[in-house]
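# Fold and geometry: a report
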Amino acid sequence: MKNFKIVLFITLMSSLCLTAQTNDTKKADKQFARYEFVKAAESYKELVEDGKGSPYIYSQLAESYYNIYNTMEAERWYAKALETNPEPEAIFKYSEMLKANGKYEASNEQMERFASMRPSDDRARAYKRNPNYLPKILEQSKKFNMQNADFNSNQSDFGGTLQDGKLYITSARNDSRRTYGWNQQPFLDIYSMTKNSDGSYQTAILVNDKINTKYHEGLVSFSPDGNTMYFSRESYFEKDYEKDTLSDRRYSQLYLYKATKLGSDWDTVEALSLNSENYSVKNPSVSPDGKTLYFASNMPGGFGKFDIYKAPINSDGTVGEAVNLGQKVNTEGQEMFPYISSNNTLYFSSTGHLGLGGMDVFYTKEIDGRMAPIRNVGIPISSNGDDFAFRIDEETEEGFVSSNRDGGQGSDDIYAFKKLQPLCDVLITATVLDDKTREPLNGASISLLDSDGNNLVSKTTNALGVAEFIVECEMDSELQVTMEGYNNKKVTVSGTNEEEIDVQIYLDPIESIIAADRIELDPIYFDFDKSNITAQAAFELDKLVQIMNKYPDMIIKATSHTDFRGSNAYNDSLSERRANSTIQYVISKGIDESRISAIGKGETEPKVECGNSCTEEEHQMNRRSEFIIVSGKPGA
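Predicted model only: the values in this text are computed from it and were never measured.

## Here we look at the overall build of the chain
Counting secondary structure elements, the chain contains 11 helices and 36 strands. Relative to its length of 636 residues, the chain is extended, with a C-alpha radius of gyration of 33 Å against a globular reference of 26 Å. Seen through its principal axes, the chain has C-alpha atoms that stretch 105 × 60 × 50 Å. Within the chain, counting contacts between residues at least 6 apart in sequence, those at least 24 apart form 54% of the total. When the accessible area of the chain is evaluated, it comes to approximately 30900 Å², of which 47% is carbon and sulfur surface. Computing the positive centroid from 69 side-chain charges and the negative centroid from 96, the chain places the two 4 Å apart.

Structural data, given as structure tokens:
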């Protein structure tokens, strides 16, 4: 039944094409059928200019340009053809051309359209699994959208930890508490608010009196199963404090506690073994696997006033010895409010790292036992006030941060945010040099591609041979470099968390690819059962075009080869199509057609003799084109 459907589809499409063809298109159609796409495009365009344009002609124009990788013209004519004939495959190709031209949002719109028409297509399913696959190049602008939360009071409010549909905050809004001398606000309590289906929150409710006391309670964090809550509280509760004999004033520490859920409420509060009457421990954050507790402390042996520490959470619920996160994280200033997110990124607030003033929010990540570079989250999260208690859901990219910046409702306010751009970025400084002289090359073109081959941005080197790119951390990328008179080059840049990396690219003269009897390009591979020129093929063929422009007497014979899959007759035909696509691309770049010929070799001259047991890589090696110098070799 499946084969019948395929045959029926081909028959219907052939019928549509036949009915669309007219005497006017006969010449262009013959050129197209012979894979003379450059001439075909010219002929179809003449018909359009004569007022004889039609959906069929627009479609044929788009296909002609698609096959020779003229992305701008292909985009133009696909758009025109699809106005009246929204054929799914054409929509997919239109999306590819938009993407190749850097129009990512428009490309995604067409992929959504394609996926709705062909939901079972593998390409549609892959897109639906990851619709935001096109990486975003980071600009020096705001990476978050942020607004003051509507549940703030006119007192101090901070925190914002979501657990089981409830948002837990710390607030001084309880007017029944006595006031704290520091700011003349009531002592801090822990509140919870139920989240509504529309994203709003119900009225804040005091957590029970097992948690809240007449003393300060602070930020909370939860075990992965949500059954244990860690929070801070003043040591007055334990009757631990120091008394100044001169002023008769008492000074407490901050201690960490954990509470266990009993039914739907909190019970069984226990003090952690980390507590000491000689120093404070506060700001708990539990790791995603529930095995590590991060916190801030001014215990002896640190690097500053408050440092960030971690301690193991044992299988019996006890907490092990504290370990300082080291001098890369901790400074002589204050590092507090750690938050370890679901992807193990550590966010914290600091007065010691370079920032905008007060406490700014920073982040890092432990990789192979080492901390990645410390980075400021940037505006609007960080401000010239104190910014702290950062929390983010890495999946929804939404969260909360607290701040005492100007314009708030109280002394400290909670701000809700949405991340708009990737947070972590890397500056790639690419320098292009002549391989022999080591002199910088001014005017070289460098294109930045992602790991899927999408062209993200192109730049030209300056007088120092330099062009700079900003990419997302841990994103593999590729730099493609072209320069008149030099051999094009590709350089892979592995993803990293380093803030800056330098890449030096050395170019050889274009003559370096001229061998005894051929032009030695990197392999030009075709997709299985396809003959259209890909971006990779275009990059290589541009080298051939440059050589032939420099040596106008050179004549080339292109040979095209297939893998072993398919019948001999089919492979002969496929290789002939590929050979013709290859020379059509070269002709489209201005090379006279008399200077290049093509022949399809089918599967008769494999590069790898693997018969019926070829791997996919071996099949691809056999699907190739080669370029023989017939005459006009320089110096011959």
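## Things to note about the environment of serine 43
If you trace the backbone, serine 43 turns up in helix α3 (residues 37-49). Look at serine 43 and you get buried, because its relative accessible area is 8%. Each C-alpha atom, one on serine 43 and one on leucine 325, is 70 Å from the other, the two residues being 282 residues apart in sequence. Ignoring sequence-local partners within four residues, the contact set of serine 43 consists of Lys27, Ala28 and Gln31.

## Some words on the sheet that holds strand β36 (residues 624-631)
Taken together, 4 strands build an open sheet; the order of strands is β33-β36-β34-β35 and the sheet is mixed. Two strands in the sheet have a free side with no partner beyond their single neighbour: β33 (518-519) and β35 (596-602). Relative to the sheet, helix α10 (residues 568-588) contacts β34 (555-561), β35 and β36, its axis offset from that of β35 by approximately 155°.

## Regarding the pattern of salt bridges
Taken as a whole, this structure holds 23 salt bridges when the rule is applied. With a shortest N-O distance of 2.9 Å, glutamate 593 and lysine 39 are connected by a salt bridge. Taken together, the residues span a long stretch of sequence, with glutamate 593 in the loop between α10 and β35 and lysine 39 in helix α3 at a distance of 554 residues. By relative accessible area, glutamate 593 is classed as partly exposed at 42%. Overall, lysine 39 belongs to the partly exposed group, its relative accessible area being 30%.

## Description of the pairing of strand β24 (residues 398-403)
Regular strands place side chains that alternate from one sheet face to the opposite one. Across the 6 residues of β24, 5 count as buried, placing the element largely inside the fold. Hairpin remark: strand β23 (residues 387-393) followed by β24, antiparallel, with 4 residues in the connecting loop; positive phi at glutamate 397, about 60°. Bridge count between β24 and strand β25 (residues 413-419): 6 bridges; the pairing is antiparallel. The residue of β25 that forms the bridge with serine 402 is isoleucine 414.

## Here we look at a positive patch on the surface
Positive charge collects at one region of the surface, where Arg178, Lys214, Lys239 and Arg250 lie side by side. For arginine 178, the position within the fold is in the loop between β3 (166-171) and β4 (179-180). We classify arginine 178 as partly exposed; its relative accessible area is 47%.

## Remarks on the sheet that holds strand β15 (residues 292-297)
Working definition: the strands of a sheet are paired by backbone hydrogen bonds and lie parallel or antiparallel to each other. The sheet built from 4 strands is open, its strands ordered β14-β15-β16-β17 with antiparallel pairing. Each having just a single partner strand, β14 (281-286) and β17 (323-324) make up the two edges of the open sheet. The sheet contact formed by β15 and strand β16 (residues 307-312) spans 6 bridges and is antiparallel. Bridging from a neighbouring strand, phenylalanine 295 pairs with tyrosine 309 of β16.

## A closer look at helix α7 (residues 104-117)
Between its terminal C-alpha atoms α7 stretches 20 Å, which fits the 20 Å expected from 14 residues at 1.5 Å a residue. Among all positions of α7, only Tyr104, Ser107, Asn108, Gln110, Met111, Phe114 and Ala115 are buried. Here the buried residues of α7 occupy an arc of 160° about the axis, which is enough to place them on one side. Relative to its buried face, α7 has exposed residues pointing more than 90 degrees away, namely Glu105 and Ser116.

## A look at the packing of aromatic side chains
For the structure shown, the criterion picks out 21 aromatic pairs. Aromatic pair tyrosine 58 and tryptophan 77: ring centres 5.8 Å apart, planes at 20°, arrangement stacked. One end of the pair, tyrosine 58, is in helix α4 (residues 55-67); the other, tryptophan 77, is in helix α5 (residues 71-81), with 19 residues separating them in the sequence. No difference in accessibility class separates tyrosine 58 from tryptophan 77, as the two residues are buried. Seen in terms of ring centroids, phenylalanine 144 and phenylalanine 390 are 6.5 Å apart; in terms of plane orientation they differ by 85°. Their pairing is edge-to-face. Placement of the pair is phenylalanine 144 in strand β1 (residues 144-148) and phenylalanine 390 in strand β23, with a sequence separation of 246 residues. In this structure an aromatic cluster arises from ring pairing among Phe144, Tyr339, Tyr347, Tyr363, Phe390 and Phe417.

## Considerations on the packing of helix α2 (residues 26-33) against α3
At a minimum axis distance of 8 Å, the contact between α2 and α3 shows a crossing angle of 160°. Taken together, the axes of α2 and α3 lie roughly antiparallel to each other. Handedness of the α2/α3 crossing: left-handed. Packed against α2, whose contacting residues are Lys27, Ala28, Asp29, Gln31 and Phe32, the element α3 presents Phe37, Lys39, Ala40, Ser43 and Tyr44 at the interface.

## Quick word on the side chain of serine 221
Positionally, serine 221 belongs in strand β8 (residues 217-222). Serine 221 gets classed as buried once you look at its relative accessible area, which sits at 9%. A polar side-chain atom of serine 221 sits 2.9 Å from the main-chain amide nitrogen of valine 286.

## Observations concerning unusual backbone geometry
Omega for the bond connecting isoleucine 379 with proline 380 falls within 30 degrees of zero, at 5°, which places this linkage in the cis form. With respect to the helices and strands, proline 380 occurs in the loop between β22 (375-376) and β23. Here the phi dihedral of aspartate 164 falls at roughly 55°; this positive angle occurs in a residue that is not glycine. For aspartate 164, the location among the structural elements is in the loop between β2 (157-163) and β3.

## Quick notes on the confidence of the model for the chain
Model confidence for the chain is summarised by a mean pLDDT of 86, while 92% of its residues fall at 70 or above. Of the regions scoring below 50 in pLDDT, residues 1-19 engages in 1 contact with residues more than four places distant in sequence or in other chains. Every residue in residues 133-141 scores below 50 in pLDDT, and together they form 29 contacts with partners more than four places removed in sequence or on other chains.

Basis of the calculations
Residues numbered from 1 in each chain as written. Predicted model: local features only at pLDDT ≥ 70, side-chain atom pairs only at ≥ 80, totals over all residues. Heavy atoms only, no water. Helix = DSSP H or I, 4+ residues; strand = E, 2+ residues; numbered from the N terminus. Rg over C-alpha atoms; globule rule 2.2 N^0.38 Å. Contact = heavy atoms within 4.5 Å. Areas by Shrake-Rupley, 256 points an atom, 1.4 Å probe, with all protein chains shown as cover. Lys, Arg positive; Asp, Glu negative; His and termini not counted. Charge placed at Lys NZ, Arg CZ, Asp CG, Glu CD. Buried < 20%, exposed > 50% of the residue type's maximum accessible area, 1.4 Å probe, protein only. Pairing = 2+ DSSP bridges. Axes fitted to C-alpha atoms, helices over the stretch in contact; angles between N-to-C directions. Salt bridge = Lys/Arg side-chain N within 4 Å of Asp/Glu carboxyl O. Patch = residues over 30% accessible without salt bridge, like charges linked within 9 Å, V, L, I, M, F, W, Y side chains within 5 Å. Expected span 1.5 Å × (residues − 1). Arc of directions from axis to C-beta. Phe/Tyr/Trp six-rings, centres within 6.5 Å; stacked < 30°, edge-to-face > 60°. Parallel < 35°, antiparallel > 145°, perpendicular 65-115°, else oblique. Left-handed = near helix turned anticlockwise from the far one by under 90°. Polar contact = N/O pair within 3.5 Å; in protein donor to acceptor, adjacent residues only side chain to side chain. pLDDT = per-residue confidence, 0-100.

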